[in-house]
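What follows is each chain in one-letter form.
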Amino acid sequence: MPDLPASFGEGVPTLRNTATPRIFVAATRQDDGKTTTSVGLFAALQKRFPRIGYIKPVGQRFVDVEGVKVDEDSVLMNDTYRVRTPLRAMSPIAVEPNFTRRFLQKRNVTELHTKVRAAFDEAAWEKDFVIIEGTGHAGVGSVFELSNAAVARLLNAHVVIVSQGGIGRPIDEIAMNLALFEKFGVKVIGVVLNKVLPEKMDLLPFVEEGLARLGLPLLGAVPFNQELRRPTLHQVCGKLGGEFLAGAEHKRRRVGKVVIGAMASHKIEHYLEPDSLLVVSGDREDMIVTAVEACRSRPRPPLAGLVLVDGVLPGPEVLDLLRGSGLPCLACACDAYTAASKITRMTVKTEAADREKIALIQQMVESHVAIDRIIAAGIPQR
């Protein structure tokens, strides 16, 4: 038995549901692909079981749903799959500002552990399999005694670790995470590599050899797909703190390339591509008019849209021209370089409205992950 703190689990009601198969999806770091894996795994499990449950016990990024703070990934899963579990049970702990400070003052460990177990019992009610999604790496949440490893132990769950592609770095990071899970007596059943470059797929035997030295199998290697990294105009607007001036009905349009409109307006033709976003100051009316005219003269949109920066808007005539063109146009206060940098560095989260993206994720996980091996390992620890 691992050398756990003497107080761990003390006074916490026993987990009632010890029978429903479950798997804990962890990762070596934030944004490695836990949610992507969970989204794809849910669909794959639905093909094998009628009722799938989901819970993200500890959430760091949340939205307000009818006055309740709910992790955004729980909202995504519920909106995508209609999980038929109250959102409060799918997202019991929201780490809002000052959460850690309040914990260190109150030291309410038993209360938090009880809340997590009670939420799981509710999320697993009448389900045939439950996906438990972690937060960040294995140690995230340790400061308030709800690390991924602690939660997996509380919920009697085996773990799949998701890491990015590569050989040296991911194996080093997996080894560190594995050590904490082992300290808590939690079994890690294997690893899923995510965002593996297609040209690196032939290196997987070396990864398998490295993981075997840790006693872990490789359960899947999901290839990198550029489509999953492309933000929508809606997401860009939120990132820039901007607003739509025109074309909001096209907010699901995806952005693949950012172009700063610092060139002469007649040279814009060289940069017109259907997934390009043109970032330009609102006083460059020549550039804006050229972009609008190009859209009108072509059968399919030559641009994803425009971003007007510097907090400057064109005159009324050009604004009317924009609004009548159907070309999506956002306005924000930051300068062109800052706007372009923010867009290119965005971490693109999956949204329930991203139907094509979700379908792609489902297909990729089903095709590249050993689903049946995960199911076989999903039996609760005794």
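The structure this text deals with has already been given above.
Residues numbered from 1 in each chain as written. Predicted model: local features only at pLDDT ≥ 70, side-chain atom pairs only at ≥ 80, totals over all residues. Heavy atoms only, no water.

Student: It is not clear to me how the pairing of strand E8 (residues 158–164) should be interpreted in this structure. Could you clarify?
Tutor: The side chains of a regular strand alternate between both faces of the sheet. Where burial is concerned, most of E8 is hidden: six out of the seven residues are buried. Of the pairings in the sheet, the one linking strand E1 (residues 22–27) to E8 comprises five bridges and is parallel in character. By the bridge assignment, alanine 26 is partnered in E8 with isoleucine 161. As paired elements, E8 and strand E9 (residues 188–196) share six bridges and run parallel to each other. Bridge pairing in E9 places valine 160 opposite glycine 190. (Buried < 20%, exposed > 50% of the residue type's maximum accessible area, 1.4 Å probe, protein only. Helix = DSSP H or I, 4+ residues; strand = E, 2+ residues; numbered from the N terminus. Pairing = 2+ DSSP bridges.)

Student: For this particular structure, what's the right way to read the packing of helix H1 (residues 34–46) against helix H2 (residues 72–81)?
Tutor: Between two packed helices, what matters for the description is the angle formed by their axes and the separation of those axes. Remark: H1 packs on H2, axes separated minimally by 11 Å, with the N-to-C direction vectors making an angle of 30°. With respect to each other, H1 and H2 are oriented roughly parallel. Considering only the axes of H1 and H2, their crossing is right-handed. Residue-level contacts link Thr35, Ser38, Val39, Phe42, Ala43 and Gln46 of H1 to Asp73, Leu76, Met77 and Tyr81 of H2. (Axes fitted to C-alpha atoms, helices over the stretch in contact; angles between N-to-C directions. Parallel < 35°, antiparallel > 145°, perpendicular 65-115°, else oblique. Left-handed = near helix turned anticlockwise from the far one by under 90°. Contact = heavy atoms within 4.5 Å.)

Student: Would you explain the environment of cysteine 329 in this entry?
Tutor: With respect to the element layout, cysteine 329 can be found in strand E15 (residues 329–331). For the pair cysteine 329 and phenylalanine 244, spaced 85 residues apart in the sequence, the C-alpha separation amounts to 5.9 Å. Apart from the residues within four sequence positions on either side, cysteine 329 is in contact with Glu243, Phe244, Leu245, Ala246, Leu306, Leu308 and Leu322.

Student: Got a minute to help me understand helix H11 (residues 316–325) in this structure?
Tutor: Among the residues making up H11, those that are buried are Val318, Leu319, Leu322 and Ser325. Burial along H11 is one-sided: seen end-on, the buried residues are contained in an arc of 130°. Exposed side of H11, more than 90 degrees from the buried face: Pro316, Glu317, Asp320 and Gly324 are the residues found there. Structurally, H11 contributes buried residues whose contacts are with strand E11 (243–246), helix H10 (285–296), strand E14 (305–309) and E15. Just beyond H11, the residue with positive phi is glycine 326, at close to 85°. (Arc of directions from axis to C-beta.)

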